[in-house]
Amino acid sequence: MDFLSLGYIAFTAAALVLYYRLPRAHQWKVLLAANLLFYLLVGRWNIAFILVTAFSVWYAAILLDRLSEQFKAAKKTAESREEKKVLKSRFQNKKRFVLFLALVLNFGILAFMKYFRVMGSWGQGLLVPLGISFYTFQAVGYLVDVHGEKYEAEKRFPRFLLFVSFFPQLVQGPINRYGKMGPQFEKEHSWSAERAKRAVILILFGLMKKYAVANMLTDSIARIFDSPADTIPGSLVVCGILLYSVQQYADFSGGIDIVLGVAQLFDLEMMPNFRQPYFAVSLGDFWRRWHISLGAWMRDYVFYPFALLKPMQNFGKWCSKHLGKHFGRVLPAGIANILVFFLVGVWHGAYMHYVWWGLYNGIVIALSDILEPTFGKVSELLHLPLKSRGMHIFRVIRTFVIVNIGWYFDRIEDMGQCLACFGRTVSAFKPGEFLYSFSNVCLNPELVKPMYVLGGMVIALVGTVVIFAVSLWKELHPEEDIHERYGNKALTGLSWVFLSMMVLVSFVFTTTTGGFLYANF
């Protein structure tokens, strides 16, 4: 069900009417019913998978709570410290076993549906359930938090199912935390015209990103990278990567804007997923700004648990003793980072180019941490003004280049083609051939209508300039709210008209009806 389809709009509108018309005590029931109906509408098998995940995680959390209560009761009757120690070890082992079973079940379902079913004949008739990655990660994060006694388990299954199945986030996240969303579902909500205005602008901004920018570039990018690498100059390859950089950001952040806007209509605030990532000053900073909810999930549930393992701590001590304190700190963290990005690559799909993309990012971040003292010494020798505006801009541009090198692995699926494109970028850039090759590949009248492609490029350029301007303002004014600064009636109305016109005009030039990129993950 597409965000701009009449079905989705009508479904959301009907849910909103019931949500605010019925007694406030029943609002959560309206949302839960809407979630389940949404799953049934997009495919009847979807609801079976999410119910299995929700029930297994909910029940496992209940068992973990019971074990914690039993341990506390048994601890009171223990007479010696040794007896208490034995009790603690026994109950911890039981809790780990419950957690292990729940993780194996849910990650097993996720792995089968996303990976194993595409590697053999059995299971290929099944479609990947909508949002399975996002609701699995969300549910598992909750279970790990309950295991760590961050908060008590939710005793009411319908309430937990509501948290796992909230329909706006299912297409592409964000991955929410129960500690933030759970209390919001408990509250009674009232309609606010001012909040609705802000939500509609955010939704329209997201729609513009998706339809007036991302969709306008999709086919041209595909034609560039579907061409044999030895037939195009490196300048066209770089153009394709830059277009992909814009497309992917507009597609993913646009979808997230829509999701956050729809959630705001229901008076729910979800975790932000982007914070001007292309203004990052390092690759690590970039990944703290891009897909924030996934990065935070990986940090809390993979990076820290792995780094705190006894073998990793012993490795860090060995490095400190033999290589120095700096290596004792950064080498274990570097290995953990590589593991995290390897898993992120695998999460993207069962294809090796995603693994190479993940390893590239993990290794670059690890090397940058290892070489940080060297960079500092070189900067001192060269008397570089590290805190100057010029140096800041240089670091932003440098990071942008590093990120775009990674996009080669992400976008070009065949490794041979990917390496060939790298080679053409370095050894056969040929800027003089760019216009001819662009015209031949992207504007070939035998394959496309050139005026439609050029018109779409102009629409995408206008949209990109708007996105850049808004992102720059937010980067320069991190403590201010753009709506409070410019949210008067005239500018709000102008924003509605402009964004709506951009979306509508884009349909004149569109040549693709593809869904959101991250819905595939």
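This one's a predicted model, so the numbers in the text were calculated from it and none came from an experiment.

About the criteria used
- Residue indices follow the written sequence of each chain, beginning from 1 at its first position.
- Selection of residues for local features in this predicted model requires a pLDDT of at least 70, selection of side-chain atom pairs for listing and counting requires 80 or more, and totals for whole chains, interfaces and linings are taken over all residues.
- To obtain the side-chain values, all non-hydrogen atoms of the structure were included, while hydrogens and water were left out.
- Only C-alpha atoms enter the line fits that serve as axes; for helices the fit covers just the stretch in contact. Angles between N-to-C directions range over 0 to 180 degrees.
- Secondary structure is summarised from DSSP: a helix means a run of H or I of at least four residues, a strand means a run of E of at least two, and numbering begins at the N terminus for each.
- By definition in this entry, angles of less than 35 degrees are roughly parallel, angles greater than 145 are roughly antiparallel, angles of 65 to 115 are roughly perpendicular, and the rest are oblique.
- In this description, contact between two residues means that some pair of their heavy atoms is separated by no more than 4.5 Å.
- Note on residue classes: Ala, Val, Leu, Ile, Met, Phe, Trp, Tyr, Cys and Pro are nonpolar, Asp, Glu, Lys and Arg are charged, and everything else, Gly too, is polar.
- Whether a residue is buried, partly exposed or exposed follows from its accessible area with a 1.4 Å probe, protein chains only, as a fraction of its type maximum: under 20%, in between, or over 50%, in that order.
- Nonpolar cores are built from buried Ala, Val, Leu, Ile, Met, Phe, Trp, Tyr and Cys residues. Side-chain atoms within 4.5 Å join them into one set.
- Two rings from Phe, Tyr or Trp (for Trp, the six-membered ring) form a pair when their centres are within 6.5 Å of each other. A pair whose planes differ by under 30 degrees is stacked, one over 60 is edge-to-face, and the rest are tilted.
- The patches described consist of residues with a relative accessible area above 30% and no salt bridge, like charges being joined within 9 Å and nonpolar side chains (Val, Leu, Ile, Met, Phe, Trp, Tyr) within 5 Å.
- Per-residue and other accessible areas were derived by the Shrake-Rupley procedure at a 1.4 Å probe size, with only the shown protein chains allowed to occlude residues.
- Here, a salt bridge means any side-chain nitrogen of Lys or Arg that lies within 4 Å of a carboxyl oxygen of Asp or Glu.
- The bend reported for a residue corresponds to the angle between axes fitted to the seven residues ending at that residue and the seven starting there.

Draft legend 1. Main features of the packing of helix 14 (residues 352-370) against helix 15 (residues 372-381). Running from N to C, helix 14 and helix 15 point in directions that differ by 55 degrees, and their axes come no closer than 4 Å. Judged on the interaxial angle alone, helix 15 and helix 14 are oblique. For the pair formed by helix 14 and helix 15, the contact residues are S368, D369 and I370 on the first element and E372, P373 and F375 on the second. Among the residues making up the contact of helix 14 with helix 15, the classes are represented as three nonpolar, one polar and two charged.

Draft legend 2. Broad picture of the environment of F134. Secondary-structure assignment places F134 in helix 5 (residues 132-147). On the accessibility criterion, F134 (3% relative accessible area) is buried. F134 sits 31 residues away from S165 along the chain, and the two C-alpha atoms are 9.8 Å apart.

Draft legend 3. Spatial organisation of the nonpolar core. Among the nonpolar cores identified, the biggest contains 142 residues, and Y142, F160, F266, W287, W290 and W407 are the most heavily contacted of them. Ranked by residue count, the leading element in this core is helix 8 (residues 193-226), at 18 residues. For F160, the residues in contact, after removing those within four places along its chain, are A54, V57, W58, A139, Y142 and E154.

Draft legend 4. A look at the packing of aromatic side chains. Per the stated rule, a full pass over the model turns up 55 aromatic pairs. A ring pair is formed by Y360 and F409, whose centres lie 5.7 Å apart and whose planes are at 40 degrees; its orientation type is tilted. Within this pair, whereas Y360 is found in helix 14, its partner F409 is found in helix 16 (residues 389-411), the two being separated by 49 residues in sequence. Grouping residues by exposure puts Y360 and F409 together as buried.

Draft legend 5. View of a nonpolar patch on the surface. A grouping of V200, W496, V497, M501, L504 and F507 is seen on the molecular surface, where their side chains present a nonpolar patch of about 530 Å² in accessible area. Here the nonpolar patch gets five residues from one element, more than from any other, and that element is helix 21 (residues 489-509). Along the chain, the position of V200 falls in helix 8.

Draft legend 6. Here's a closer look at helix 11 (residues 292-307). Its maximal kink placed at R299, helix 11 deviates by approximately 40 degrees. For helix 11, the complete set of buried residues consists of I292, S293, L294, A296, W297, M298, Y301, V302, F303 and A307. Buried residues along helix 11 sit against helix 4 (81-114), helix 5, helix 10 (283-289), helix 12 (310-323) and helix 13 (325-348).

Draft legend 7. Main features of the pattern of salt bridges. Enumeration according to the criterion identifies 13 salt bridges in this entry. Among the salt bridges present, the one from E154 reaches R156, with a minimum N-O distance of 2.9 Å. A relative accessible area of 7% places E154 in the buried class. A relative accessible area of 38% means that R156 is categorised as partly exposed. Here the residues in one salt-bridge network are E154, R156, R159 and E186, joined through shared partners.

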